[in-house]
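Each chain, letter by letter, is given below.
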Amino acid sequence: MTPASSAVGHIELTHLTDLARPEHSCGVIEVYLKDGRQFTLLAATPTWFKAEMKRLGLKFYYGPAVLFLHKLDLAAARKAAKDMLAEDEQLLVRYDTPRRTLPDILAAFRAAHP
């Protein structure tokens, strides 16, 4: 069980690729815990990720972990972060990523794996 001092303080959803279509988007979930720690999670909907893989011609991807959500909105991001913290705070550590966006990471991956 997560100590109260490690409870989620607030969540920010940034760098959304498509504000009008949260069911087809990617972005960054910033998780701020009450104890002062911060985690940055790459997030995407499966439809966005599939389309981006096709657009870039990628046959595979490995790298920073991606949190998949059916709909990328603040409510879903908040629920995912709280559930991850309740399950095991190490999930936030595992999903914490470099401070970059998923489109940037996928483009770099493509360049490294032509």
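Residues numbered from 1 in each chain as written. Predicted model: local features only at pLDDT ≥ 70, side-chain atom pairs only at ≥ 80, totals over all residues. Heavy atoms only, no water.

## Some details on helix H2 (residues 74-87)
Part 1: Over its 14 residues, H2 extends 20 Å from the first C-alpha to the last, a length consistent with the 20 Å expected when each residue adds 1.5 Å.
Part 2: Of all the residues in H2, the buried ones are Ala 77, Ala 80, Ala 81, Met 84 and Leu 85. One side of H2 holds all its buried residues, which, seen down the axis, span an arc of 125°. Opposite the buried face of H2, at more than 90 degrees from it, the exposed residues are Ala 75, Lys 79, Ala 86 and Glu 87. (Helix = DSSP H or I, 4+ residues; strand = E, 2+ residues; numbered from the N terminus. Expected span 1.5 Å × (residues − 1). Buried < 20%, exposed > 50% of the residue type's maximum accessible area, 1.4 Å probe, protein only. Arc of directions from axis to C-beta.)

## Here we look at the packing of aromatic side chains
Part 1: The full count for this structure, using the stated rule, is six aromatic pairs.
Part 2: Pairing Phe 49 with Tyr 61 gives two aromatic rings, centres 5.9 Å apart and planes at 75°, and the pair type is edge-to-face. One end of the pair, Phe 49, is in helix H1 (residues 46-56); the other, Tyr 61, is in the loop between H1 and strand S4 (66-68), and twelve residues separate them in sequence.
Part 3: Classification of Phe 49 by relative accessible area gives buried; the value is 13%.
Part 4: Pairwise contacts between aromatic rings join Phe 49, Phe 60, Tyr 61, Tyr 62, Phe 68 and Phe 109 into one cluster. (Phe/Tyr/Trp six-rings, centres within 6.5 Å; stacked < 30°, edge-to-face > 60°.)

## Quick word on the pairing of strand S3 (residues 38-44)
Part 1: Across the seven residues of S3, six count as buried, placing the element largely inside the fold.
Part 2: Inspection of the sheet shows strand S2 (residues 26-33) paired to S3 by seven bridges, in the antiparallel sense. Note that in S3 the partner of Gly 27 across the bridge is Ala 43.
Part 3: Turn length for the S2-S3 hairpin, with the two strands adjacent in sequence and antiparallel, is four residues, and the turn residue Gly 36 shows positive phi of about 100°.
Part 4: Relative to S4, S3 is paired through three bridges, and the arrangement is parallel. Bridge pairing links Ala 43 to Leu 67 in S4.
Part 5: Regarding topology, H1 serves as the crossover connection from S3 to the parallel S4, and that connection is right-handed. (Pairing = 2+ DSSP bridges. Right-handed = clockwise from strand over helix to strand, strands pointing away.)

## With respect to the pattern of salt bridges
Part 1: Using the criterion set out here, one finds seven salt bridges in the structure.
Part 2: One salt bridge connects Asp 35 with Arg 37, and the closest N-O pair in it is separated by 2.8 Å.
Part 3: Note on Asp 35: relative accessible area 34%, which makes it partly exposed.
Part 4: On the basis of relative accessibility, which here comes to 28%, the residue Arg 37 falls in the partly exposed class.
Part 5: Residues Glu 89 and Arg 37 are paired through a salt bridge, measuring 3.3 Å at the closest nitrogen-oxygen approach. (Salt bridge = Lys/Arg side-chain N within 4 Å of Asp/Glu carboxyl O.)

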